[in-house]
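Secondary and tertiary structure notes
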Amino acid sequence: MNFKTPALIAALALTASASFAAGDENNLLDDYLDAQAHAKALSAQLESMGVESNPNVEFNSPATLSQKLDAYQDKIDSLQAEFDAHNTAVTQAN
């Protein structure tokens, strides 16, 4: 083994590590975008039922992608609770 081989192995290992890290970030971004779309879909469904809703989450300070995902998941839970409550009320009224 010459002196270039360890350097090549180290470079390949660093490249592989960087791609796994980028993959995790892409999954997080995909999850965030999915959560945004889910919130918008729930909001649109509520609007079609005559219930005013807002699918957006406002951030008062800079937030990480993970924090934004958590906020949108909370928003989805809130919109889903509104949907369930409205659906239950309509069902009981009939």
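Above this text you will find the structure in question.
Residues numbered from 1 in each chain as written. Predicted model: local features only at pLDDT ≥ 70, side-chain atom pairs only at ≥ 80, totals over all residues. Heavy atoms only, no water.

1. A short note on the overall build of the protein chain
Scanning the protein chain from N- to C-terminus turns up two helices and zero strands. The proportion of buried residues among the 94 residues of the protein chain is 18%. Looking at the protein chain alone, contacts between residues at least 24 apart form 67% of all its contacts between residues at least 6 apart. Total accessible area on the protein chain is roughly 6,800 Å²; 55% of this is exposed by carbon and sulfur atoms. (Helix = DSSP H or I, 4+ residues; strand = E, 2+ residues; numbered from the N terminus. Buried < 20%, exposed > 50% of the residue type's maximum accessible area, 1.4 Å probe, protein only. Contact = heavy atoms within 4.5 Å. Areas by Shrake-Rupley, 256 points an atom, 1.4 Å probe, with all protein chains shown as cover.)

2. Overview of the packing of aromatic side chains
One pass over the structure, following the stated rule, counts one aromatic pair. Here K68 stacks its cationic end above the ring of F59, 5.8 Å away from the centre of that ring. (Phe/Tyr/Trp six-rings, centres within 6.5 Å; stacked < 30°, edge-to-face > 60°. Lys NZ or Arg CZ within 6 Å of the ring centre and 35° of its normal.)

3. Observations concerning the environment of S53
Note on placement: S53 falls in the loop between α1 (4-48) and α2 (65-93). Sequence-wise, S53 and S43 are ten residues apart; in three dimensions their C-alpha atoms are separated by 5.6 Å. Dropping the residues within four chain positions of it, S53 is found in contact with S43, L46, E47, L79 and E82. Among the polar contacts made by the side chain of S53, one reaches the side chain of S43 at a distance of 2.7 Å. (Polar contact = N/O pair within 3.5 Å; in protein donor to acceptor, adjacent residues only side chain to side chain.)

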